[in-house]
Amino acid sequence: MTVIARRTILAGLASLGVASLARTGHAAAATLKAAAQARGLIWGAAVQQTQLRDDAEFAALVAQQCSSFTPEWEMKWASMEARRGQRNFARADAMVAFAKQHGLGVRGHALVWHRSVPDWASANLTWDAVAAHVEAMLKRYGGAPFAQWDVLNEVIEPQDGRDDGLRNSPFLKALGPDYIARTLTLARATAPNTKLYVNEYSLDYDSTIERARRDKLLRLIDSLKKANAPLDGIGIQAHLRIDRTPFSAEALRKFLAELAGRNVKIAITELDVREQNLELPTDERDRIVAAEVKRYLDVVLDEPAVTGITAWGLSDRYSWRTTPEMIAKGRRNRGLPFDETLAPKPFRDTILAALERARPR
Ligand code: G3I
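So, how was this worked out
- Residues numbered from 1 in each chain as written.
- Predicted model: local features only at pLDDT ≥ 70, side-chain atom pairs only at ≥ 80, totals over all residues.
- Heavy atoms only, no water.
- Helix = DSSP H or I, 4+ residues; strand = E, 2+ residues; numbered from the N terminus.
- Buried < 20%, exposed > 50% of the residue type's maximum accessible area, 1.4 Å probe, protein only.
- Contact = heavy atoms within 4.5 Å.
- Polar contact = N/O pair within 3.5 Å; in protein donor to acceptor, adjacent residues only side chain to side chain.
- Pairing = 2+ DSSP bridges.
- Salt bridge = Lys/Arg side-chain N within 4 Å of Asp/Glu carboxyl O.
- Near = heavy atom within 4 Å.
- Areas by Shrake-Rupley, 256 points an atom, 1.4 Å probe, with all protein chains shown as cover.
- Nonpolar A, V, L, I, M, F, W, Y, C, P; charged D, E, K, R; others polar.
- Core = buried A, V, L, I, M, F, W, Y, C linked by side-chain atoms within 4.5 Å.
- Expected span 1.5 Å × (residues − 1).
- Axes fitted to C-alpha atoms, helices over the stretch in contact; angles between N-to-C directions.
- Left-handed = near helix turned anticlockwise from the far one by under 90°.
- pLDDT = per-residue confidence, 0-100.

(A) Expanded view of the environment of Y141. Note that Y141 resides in helix 8 (residues 127-141). The class of Y141 is buried, set by a relative accessible area of 2%. C-alpha separation for the pair Y141 and H114, spaced 27 residues apart in sequence, amounts to 21 Å. Apart from the residues within four sequence positions on either side, Y141 is in contact with M75, M80, F89, A92, D93, V96, F146 and W149. At 3.4 Å, the side chain of Y141 and the side chain of R140 are in polar contact.

(B) Region of the structure containing the pairing of strand 1 (residues 42-47). Across the 6 residues of strand 1, 6 count as buried, placing the element largely inside the fold. Residue alternation in strand 1 divides its side chains into two sets, I42, G44 and A46 and W43, A45 and V47, and both sets are buried. The sheet contact formed by strand 1 and strand 2 (residues 68-71) spans 4 bridges and is parallel. Bridged to A45 within strand 2 is F69.

(C) Fine view of the pattern of salt bridges. Taken as a whole, this structure holds 29 salt bridges when the rule is applied. Two residues, D243 and R274, come together in a salt bridge whose shortest N-O distance is 3.6 Å. Placement of D243 in the loop between strand 7 (239-241) and helix 12 (249-260) and of R274 in strand 8 (residues 265-274) is noted, with a sequence separation of 31 residues between them. Residues joined in a network through salt bridges with shared partners are D55, E57 and R317.

(D) Layout of the site of the ligand. Of all residues adjacent to the ligand, which total 16 residues, the nearest are E72, K76, H109, E270 and W312. Between E72 and the ligand, the recorded distance is 2.5 Å, taken from a side-chain N or O atom to an oxygen atom. For the ligand, whose free accessible area comes to 790 Å², the fraction covered by protein is 59%. Class assignment for the residues of the shell around the ligand results in 4 nonpolar, 6 polar and 6 charged.

(E) Broad picture of the nonpolar core. Formed by 104 residues in total, the largest nonpolar core has its most connected members in W43, Y141, I236, L259, Y296 and L355. Per-element accounting of this core gives the leading share, 8 residues, to helix 8. Ignoring sequence-local partners within four residues, the contact set of Y296 consists of D204, I236, A238, L240, F247, L252 and I268.

(F) Inspection of the environment of D232 at higher detail. Within the fold, D232 resides in the loop between helix 11 (208-226) and strand 6 (233-236). Through-space distance from the C-alpha of D232 to that of Q64 is 29 Å; in sequence the pair is 168 residues apart. In this view, D232 contacts R188, T194, K195, L196, V264 and K265; residues no more than four positions away in its chain are not counted. Here the side chain of D232 touches L196 through a polar contact of 2.8 Å, landing on its backbone nitrogen.

(G) Molecular detail of helix 10 (residues 179-190). When the terminal C-alpha atoms of helix 10 are compared, their 16 Å separation across 12 residues agrees well with the 16 Å that a helix rising 1.5 Å per residue should span. When helix 10 is considered as a whole, its buried residues turn out to be Y179, I180, A181, T183, L184, L186, A187 and T190. In this structure, the buried residues of helix 10 make contact with strand 3 (105-113), helix 8, strand 4 (146-153), helix 9 (170-175), strand 5 (195-200) and helix 11.

(H) Geometry of the packing of helix 12 against helix 13 (residues 282-300). Taken N-terminus to C-terminus, the directions of helix 12 and helix 13 make an angle of 40°; their axes are 9 Å apart at the nearest point. Viewed along their axes, helix 12 and helix 13 form a crossing whose handedness is right-handed. Two secondary-structure elements touch here, helix 12 through A249, L252, R253 and L256 and helix 13 through Y296, D298, V299 and V300. Taken together, the residues of the contact of helix 12 with helix 13 sort by class into 6 nonpolar, no polar and 2 charged.

(I) A look at the confidence of the model for the chain. Residues with a pLDDT of 70 or more make up 92% of the chain, whose mean pLDDT is 93. No element of the chain has a lower mean pLDDT than helix 1 (residues 6-22), which averages 51, and none a higher one than strand 6, which averages 99. For the stretch residues 17-29, pLDDT sits under 50, and the model shows 22 contacts to residues farther than four places along the chain or on other chains.

Below is the structure:
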């Protein structure tokens, strides 16, 4: 598995370096990477190995604009170990090689997630199988350039009706509620130098369910701290939605302060925006998306415990938010910082302005 040749990246950078930044009048130095690194923050994006391998201009944009990236699916259990004991490290190794080649960090994602359990494991889920997976991954990917790992993903689900608000996942059913503390403890023992995160979604707006999710997450953190489980941070996915209301800056600010007050760091891990009306003029769509992001980041980057922002994609060229139905209508969801031609959008300008306003960490 080869990574894109350096000369190809440099050619891509040269073409992008002038074209993509000149369009908005930002000096070439004002990359998202430079703005983030100047303040001790992470700015990253979810990417896929085939995008880095096959799309030279996109790979160049990642190298130019990001200080970190998150493998979008390549390091998840079902993709990593489709057959018991036969781990496929090739895709992840190629991504790590790209990161090292360009001096980028990597956010590991996601060791334990109910939506990515190999078929052979889910049939009879045992702690031995989970522990073998966690150890194999963190022995190989538990040091530089992996600053942070989403050790557990989406473990909260109040609608499952448990008093503790935990998701009634295959892991909980097979291992009991202390699987979370057990997994964090094993992760720390295996990779003592990487920061261990629990990553969650639907924490951003002020609906009844999102208030419940925030409360149950705070309760989980309290129980993990009481059990002396090694939890370093909380990942807030931040999949924003134009149709999601209400938004309360005050409630979000309070929640972030409550997280920080529990001595955990905070990472925004999957920022993107799901549009509501793709039939509006493009400029209007981009303005609406940028306004949603600004409203959110104006609160988030005020919290000193926030370590950085990762978008769930860098360009509309590659976004999980673009559905086949949209493509059939000749549309793409425009919920990421760069458009499908890799030109910067108001979203990018909003991130840049927010990073430049942020207090150094
Ligand atoms: O194309 C590959 C194929 O070559 C490979 O052999 C096969 C092996 O599983 O996977 C194929 O790729 C698919 C991949 O998306 C690329 O399109 C995977 O099948 C598919 O599972 C994967 O879906 C990802 C999904 O998580 C499940 O892992 C999405 O890309 C990714 O955007 C999505 O991301 C999640 C976060 O991890 C957690 N938060 C929500 C977020 C959105 O659902």
